[in-house]
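Secondary and tertiary structure notes
Spelled out, the chains give:
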Amino acid sequence: KPQLVASNDRFCRFLEEYCPVVTETYYPTIWCWEGRVQTLLRPFITSRPQVQYRNELIKTPDGGQISLDWFDNNDSSYYPDASTRPTVLLLPGLTGTSKESYILHMIHQSETLGYRCVVFNNRGIAGEELLTPRTYCAANTEDLEAVIHHVHNLHPSAPFMAAGVSMGGMLLLNYLGKTGRDTPLMAAAIFSAGWNVFESIESLEKPLNWLLFNYYLTTCLQSSISRHRQMLEKLFDMDLVMKARTIREFDKQFTSVMFGYRSVDDYYEDASPCLKLKSVGIPVLCLNSVDDVFSPAHAIPVEAAKQNANVALVLTSCGGHIGFLEGIWPRKCTYMDRVFKQFVQAVFEHGNKIFSM
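Residues numbered from 1 in each chain as written. Predicted model: local features only at pLDDT ≥ 70, side-chain atom pairs only at ≥ 80, totals over all residues. Heavy atoms only, no water.

Going by the annotation in an unreviewed UniProt entry, the name recorded for the protein chain is Phospholipase ABHD3, with Regulus satrapa given as the source organism. Recorded under Sequence similarities (unreviewed entry), the UniProt text for the protein chain is reproduced unchanged: "Belongs to the AB hydrolase superfamily. AB hydrolase 4 family." (UniProt positions renumbered as here; feature names shortened; annotations may be inferred.)

Rendered as C-alpha cells:
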C-alpha cells in the first residue's frame with residue numbers, strides 16, 4: 001500500500017472517500033518492478049491515445065511567445081456549456097511537450113469526465129520560434145503565471161486546476177509556493193517532482209544513472225536549443241553549451257546564466273520545491289515513488305508536508321520516475337493515470353468538502 005502523508009484529517013478523509021486509489025495496494029508490473037526499468041520502459045510500452053489539439057500562441061511581456069495546445073472537448077455531454085466546463089492545465093517534464101504519452105493519457109482521462117485540457121509547452125520546444133533569447137527553467141514562474149491568468153481570463157466561470165509532471169511539477173510547486181492562496185487554481189496534482197535539486201543531480205550523476213538518464217537528458221536539452229542557435233548565440237557561448245555532458249554542466253553554462261543566477265548552486269536552491277512547500281495555499285496531492293532516481297527517497301520532504309494542511313504526499317515503494325506501470329501488459333492505464341483521474345474528478349465534483357479546510 002502507498003504511504004499517505006497528510007497532517008489534515010479532513011483532507012485524508014476526502015482522499016479516502018473520493019480518491020480511494022491512494023489507499024489501494026499498488027501492484028507494479030511483475031517483470032519490470034525495479035524503478036529504473038519502469039522509467040526506461042514506460043515511454044515504449046504505454047499506448048499513445050489520439051488527441052486533436054488546437055494550438056494558440058500567446059505573447060509574453062518581454063516580447064516572447066508561448067505555445068499552448070488546447071483540447072477543448074466540445075463534445076462533452078457532462079459539460080456542454082464551454083464557459084463552465086472544468087479546465088485542467090497540464091505541465092510536461094524537462095524537455096516534454098503536449099505529445100508525451102503521459103500527457104495524452106491525462107487528456108484521455110479528462111475527456112471521459114467531460115473536462116477541457118490545455119498543455120503549457122515551455123518556450124522553444126514545441127516547434128514555435130524563439131522571439132527572444134530566453135527559454136525556461138524550473139525556478140522562474142513568470143511564463144506559468146502568464147499562462148494561468150490567460151486561461152482563467154478566457155474562462156473565468158470555469159473550475160480550474162493544474163497538474164505537473166517531473167520538472168512541470170517542480171515549476172508548479174514553485175509557483176504555488178510563491179502565490180500561496182492568491183491563484184485562480186482550485187487545487188493541483190504533482191507527479192514525480194524532484195524535490196531537492198541538489199539531491200536529484202547527485203543521484204543522476206552516479207555512474208549507472210548518468211549512463212541511463214543523465215547523458216541522454218543532456219543531449220535532449222542541447223537538441224531543444226540547437227535549432228534556436230542563431231538567436232541564443234547573441235548571449236551564450238553555444239559551443240561551450242554543446243560540450244556539456246551532464247545536466248549540471250548544461251545548467252552551469254546555460255540555464256543559470258540565462259536567468260541571472262550567480263552560480264548553478266544558487267539556481268538549484270531557488271528551483272528546489274522542498275523549500276517552498278510551507279507556503280502552498282491550495283490543496284495539493286503529490287505522488288512519488290521512493291525508488292525514483294530523479295527524486296531520491298531521503299529528499300522527499302515528509303516532515304515539511306506534515307506542517308502544511310494543504311499538502312498530501314502519496315509515496316509508493318515502486319514505480320520509478322513517471323513509471324507506475326501495473327498489470328501484466330501495461331499498455332494503457334498506469335497507477336499515476338488513475339490517481340490523476342480520481343483526484344481531478346474529486347476536486348471538480350466534490351471540492352467544496354476540502355476548500356473550507
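A few words now on the sheet that holds strand β5 (residues 116–121). Strand order in the open sheet formed by nine strands is β1-β9-β8-β7-β6-β4-β5-β3-β2, and the pairing between neighbours is mixed. Two strands bound the open sheet, and with one partner strand each, they are β1 (3–6) and β2 (54–59). Shown here is a sheet whose adjacent strand axes are inclined to one another by a mean of 20 degrees, direction ignored. Here strand β6 (residues 160–165) pairs with strand β7 (residues 188–191) via four bridges, running parallel. In the sheet register, Gly164 faces β7, and the bridge partner there is Ile190. Across the sheet, helix α13 (residues 335–350) is in contact with β4 (87–91), β6, β7, β8 (284–289) and β9 (311–316); its angle to β6 comes to roughly 165 degrees. (Pairing = 2+ DSSP bridges. Helix = DSSP H or I, 4+ residues; strand = E, 2+ residues; numbered from the N terminus. Axes fitted to C-alpha atoms, helices over the stretch in contact; angles between N-to-C directions. Contact = heavy atoms within 4.5 Å.)

Before going further, it helps to spend a moment on the UniProt feature "domain: AB hydrolase-1" (unreviewed entry) in the protein chain. The UniProt record marks residues 86–327 with the feature "domain: AB hydrolase-1" (unreviewed entry), using the residue numbering of this structure. This span, residues 86–327, is 41% helix and 14% strand, and a straight line between its end C-alpha atoms measures 31 Å.

Let us now look at helix α7 (residues 207–226). Spanning 20 residues, α7 covers 26 Å between terminal C-alpha atoms, matching the ideal 28 Å at 1.5 Å per step. The sharpest bend along α7 reaches about 35 degrees and sits at Phe213. Listing the buried residues of α7 in full gives Asn209, Phe213, Asn214, Leu217, Thr218, Cys220, Leu221, Gln222, Ser224 and Ile225. (Expected span 1.5 Å × (residues − 1). Bend = angle between axes of the 7 residues up to and from the residue. Buried < 20%, exposed > 50% of the residue type's maximum accessible area, 1.4 Å probe, protein only.)

Per the stated rule, a full pass over the model turns up 16 salt bridges. A salt bridge links Glu205 to Arg248; the nearest nitrogen and oxygen atoms lie 2.9 Å apart. Taken together, the residues Glu205 in the loop between α6 (197–204) and α7 and Arg248 in helix α10 (residues 247–258) connect sequence positions 43 residues apart. Classification of Glu205 by relative accessible area gives partly exposed; the value is 29%. Taking the shortest distance from any N to any O, the salt bridge between Asp239 and Arg229 comes out at 2.4 Å. (Salt bridge = Lys/Arg side-chain N within 4 Å of Asp/Glu carboxyl O.)

Those residues of helix α11 (residues 264–271) that fall on the buried side of the exposure criterion are Val264, Tyr267, Tyr268 and Ala271. Taken around the axis of α11, the buried residues stretch over an arc of 95 degrees, which confines them to a single face. Looking at the buried positions of α11, the neighbouring elements they touch are α5 (167–179), α6 and α10. (Arc of directions from axis to C-beta.)

This brings us to the nonpolar core. One finds Leu89 and Leu172 to be the most contacted residues of the largest nonpolar core, which totals 68 residues. It is α5 that contributes the most residues to this core, seven residues altogether. If we ignore the near neighbours within four places in the chain, the residues touching Leu172 are Leu91, Leu144, Ala162, Ala163, Gly164, Leu185, Ala188, Ala189 and Ile190. Of all hydrophobic cores here, the second largest spans 46 residues; its members include Val88, Leu104, Val119 and Ile354. (Core = buried A, V, L, I, M, F, W, Y, C linked by side-chain atoms within 4.5 Å.)

On inspection of all chains with the given rule, the structure shows zero disulfides. Cys137 carries a free sulfur, and the closest cysteine sulfur to it, the one in Cys274, is 16 Å from it. (Disulfide = S-S within 2.5 Å.)

A few words on the UniProt feature "active site" (unreviewed entry) in the protein chain. Within the UniProt annotation, "active site" (unreviewed entry) is assigned to Ser166, Asp292 and His321. A stretch of 156 residues holds the annotated residues, and the largest C-alpha distance among them is 10.9 Å, short enough that they meet in one place. For Ser166, the position within the fold is in the loop between β6 and α5. Taking relative accessible area as the criterion, Ser166 reaches 12% and is therefore assigned buried. Beyond its immediate chain neighbours, meaning those up to four positions away, Ser166 contacts Gly93, Phe191, Ser192, Ala193, His321 and Ile322.

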